[in-house]
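Inside the fold
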Amino acid sequence: MFLPFYYRQSWALVGVIGDRTSNSSEAVQDYVNHNTAEQALARREFTTVNGVDFSVSAYSEWIEGTSWVGFNVEVADGTVLDLLDDVTSWREGDRIVIASTDYSMYQAEEFTLLPCPKCTKHQVKIKEKPQFPHVGEILDGVDMRAEVGILSRNIVIQGEMEGSCYGSNMCQFFNTDTFGGHIQILKNFTSVHLSNVELKNMGQQAQKKYPLHFHLCGDVDVKGGYRSPTYVDSLSIHHCFSRCLGIHATNGLLVKDTIGYDTLGHCFFLEDGIEERNVLFHNLGLLTKPGTQLPTDRNDTMCTEIRDKVNGKYIPVPATDCKAVSTFWIANPNNHLISNAAAGSQDTGMWYLFHSMSTGDSHGLYPETKAELTPLGKFYNNRVHSNFKAGLFIDKGVKTTHANSEDPREYLCLDNNARFRPHENADPSKPRVPALIESLITFKNNDHGAWVRGGDITITNSAFADNGIGLTFASDGSFPKDEGASQTVLESLFIGESKNYGFPGGQNKYFGTGWPGNRNRTLPRNKTFPIRGFQIYDGPVHLTRSTFRNFVSTSDRYTSAIGFFMKNAWQLTPKNKVSLVKLDINVSLKVFFCKPGPWFEDCKQDGDKNAVFNDFDGSVSGYKDMLVGRLDNFLIRNPDCINVTDWNGIICKGKYAQIYVQTWNPANNTMSIVRDEYPDFPMLLRGINQNHRATFQQYQPVVMLQKDYTVHWNGKAPENIVIYLINFDKNDWIRIALCYPRDTIFQVKSDVYQRLTKVVSMVEEYTAASSIKDFLDSQAERKYFFDNSTGLLFIYLQARNERDGQSYCSSFGCERLNITATIRSEQVSNCMAEVDQKYRKTPTIISPVPLNNSVSVPCRACGTSQVIFSSDPERTYIPVQVKSLSKVEIDQGDLEAFISVSACYTQFLFNFDGLCSVLK
């Protein structure tokens, strides 16, 4: 009998190979429906040659059409864990927690230690049966070993709990009692040194009621007159109801070797945006859940239902006002994060945000925090994983005004009002101070491994694995305020899908098939989500000396090593550069430009159409110094461009820049820009301000230099147009013609706009040329020509000044053209037909693709020179050829008796036995 292909039956067998007896265990579960069959579980007992009893169980089941199989090996009287460090100080009855190594933070598990006379100093035996695999090895070059923390301490401070939530303790959101104890440290103390204390059932869903709270203490280090600086050492803060540790208007505090586990709201919390010089060293935070105190703590439900501090009937928007709960919440960049692990938060592992002024109790005491201008403190050897939104997030601020009729949002809700741009002494007129993010490990984050906005920023010696998107750089995003600072990632490793296959359960939401061999695995988003390693967004960014592995598309999704921000209304600069990258053989799509469909939508946003980067050395495309762009972009095209249909891309040779166009009256047009050599292929730009109530519109196309363009509108031509020259070097030019009604009168001026001072200088008036020949012969002069037979206003856009480094504009400021038009007609200003008849040009090649430009020999210097990574600061780098480590393949359901989970972090600077990392 043949069963239909959709028949589902679960079957499992445990036996001994070669054993012909009936001494085996078999289990079968019958068909339920086309997608589901209950779990079949077979189990059999065995004894080792040394007399140790153990059991082997195997299971099989179907969940929503996907098969899940696996097996367990269990010692009869507990499970022994192999750990990295000496844990002889751990005792029978102690409680430990093992972090999730999957997408869901809810795969973190607690265990009780059993006596184990035969255990080595690197082993412990646990009482409870593990429900999930916890990775205990370095996979695909990335250290994904689970963190382990011991929760028990000799000194315990805990709140007395009721059996359920009661009174006004936000019981609409919590089933359990959330009214615990709290410890508050106030200023002018003689000394505070807290160590080896367990805080349990502490904190309240009320302001300032944290398990441990340094409240308005000022300078608590040598600067504050303390010969023995204040510290918190080896605390265990768990099952608490309002943060882990609050650092409030306190500077110079040392927090080390401390665990924050299963808490509500931001865990390690810097509060008012003025806290500086604090050192967070070797701390572990995990299972950070939403709370109610601040908008940024709240989840969707809390966000929309808590409205007592908004204005009027405003309903908060969770995605933009709330949903930012983070294990490490850093409100000022001048703090130091070293060797910490953020191992599971509802939103983000580590979030740097930038207060425009002091908030809370500090409001008004420090009128300008200058946080976004302040250089970054030390960021070294940190790990972020199992977070739903992002591992590391550097962006945004909080609203610093109370709700009113003009802005009804709640005070301290999330706000898009800050961009990180560090300068010496936080002075924008002084040189930039590049921010260095070194030895970051980020894996199994559903959305982003890291989202980093601002400049100058360098990420080095870092690893990104199994994230929805590995790394996105974003610039200021509000030109002309943005200066165009650089962002660089180098010596880093990107893994699309590792051998950490994951396991269903613990609120993992997404399952499907992936690399290798279409094997079942957990997924960062649903099965159609386009996984990307490095995502390009605006810029300029530079990706160099980095390696990509295991980016393999499936029948359901595009997966690419390099991709682009989706549904992007903003710009992408042609100065984005990729060099010396290594794309392994198991990278099916090196680059992918969007195509209409799931996630990408229609691919018709302005940034989607202008997605580009420069392949500096040919390590991506095989052709040196080429622009890689979207296949249908004819603004950048030459006749000898190379089409790559798999990428939906094109590889072209030339010199490129951008124009930034602002329009007023009207401000809601669609702009069509056409290369005169390709009149049949206009680029339609919707504009960045898609809110029709905006006072002006903005467009920012990438253009090939030394070419001719025409601009048309889908309505009346704008009365006021300002065109900025972006990424134009001295003497670079394009010729542009803008369509107007034929009786229009013009005033045309050029000037230079200084971004910082907002001073306008070098104002020059344009004069009208007598003919098109006069105009063409006067390129170096300030002339325009209006052809009233076609309605085209011709102007040269030519840079007169030098441009420095990564700046968008010249060293004097942004060169720009101002057009004021007196328009008598309301007709649509589209002159394409007239252009086609009078000004059509034959495509010509300025910079041909050399026949020998193809890179025929693989680059030996490409890719990261080292693979990553250990949480041990003394073993930060692991050589590429790792042969000395024994491997443990952890399959779905493989919970072997000797599970390699993480053990104690190797000791560094301080003796500590309370946190652990792993090595098999």
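Before any of the text, the structure's been laid out above.
What comes next is a walk through the structure. (Residues numbered from 1 in each chain as written. Predicted model: local features only at pLDDT ≥ 70, side-chain atom pairs only at ≥ 80, totals over all residues. Heavy atoms only, no water.)

1. As for the overall build of the protein
Within the protein one finds 5 helices and 72 strands. Residues counted as buried form 61% of the 920 residues belonging to the protein. Approximately 35,800 Å² of the protein is accessible, and the part contributed by carbon and sulfur atoms is 50%. (Helix = DSSP H or I, 4+ residues; strand = E, 2+ residues; numbered from the N terminus. Buried < 20%, exposed > 50% of the residue type's maximum accessible area, 1.4 Å probe, protein only. Areas by Shrake-Rupley, 256 points an atom, 1.4 Å probe, with all protein chains shown as cover.)

2. Section: the side chain of Ser358
In this fold, Ser358 is placed in the loop between strand S29 (348-352) and strand S30 (379-380). According to the relative accessible area criterion, Ser358 is buried, its value standing at 1%. Side-chain polar atoms of Ser358 contact the backbone oxygen of Ser362, separated by 2.8 Å. (Polar contact = N/O pair within 3.5 Å; in protein donor to acceptor, adjacent residues only side chain to side chain.)

3. Some points on the state of the cysteines
Within the structure shown, the criterion is met by 8 disulfides. One disulfide in the model links Cys303 with Cys322; its S-S distance is 2.1 Å. Residues Cys303 and Cys322 are joined through a disulfide that is right-handed, its torsion about the S-S bond being 70°. Of this pair, Cys303 sits in helix H1 (residues 300-305) while Cys322 sits in the loop between helix H2 (318-321) and strand S26 (326-330), and the two are 19 residues apart along the sequence. Note on accessibility: Cys303 and Cys322 belong to one class, buried. In this model Cys641 forms its disulfide with Cys652; the gap between the sulfur atoms is 2.1 Å. Across the S-S bond of Cys641 and Cys652 the torsion is about 125°, and the bridge reads as right-handed. (Disulfide = S-S within 2.5 Å.)

4. Focus: the pattern of salt bridges
It is possible for side chains bearing opposite charge to pair when their charged atoms get close. Taken as a whole, this structure holds 48 salt bridges when the rule is applied. Between Asp602 and Arg686 there is a salt bridge; the shortest N-O distance is 2.6 Å. With Asp602 in the loop between strand S50 (582-583) and helix H3 (606-609) and Arg686 in the loop between strand S57 (683-685) and strand S58 (697-699), the pair connects residues that are 84 residues apart, well separated along the chain. Exposure remark for Asp602: the relative accessible area of 32% places this residue in the partly exposed category. Since its relative accessible area comes to 30%, Arg686 is described here as partly exposed. Each of Lys444, Asp466, Glu497, Arg521 and Arg557 takes part in salt bridges that share partners, so that together they form one network. (Salt bridge = Lys/Arg side-chain N within 4 Å of Asp/Glu carboxyl O.)

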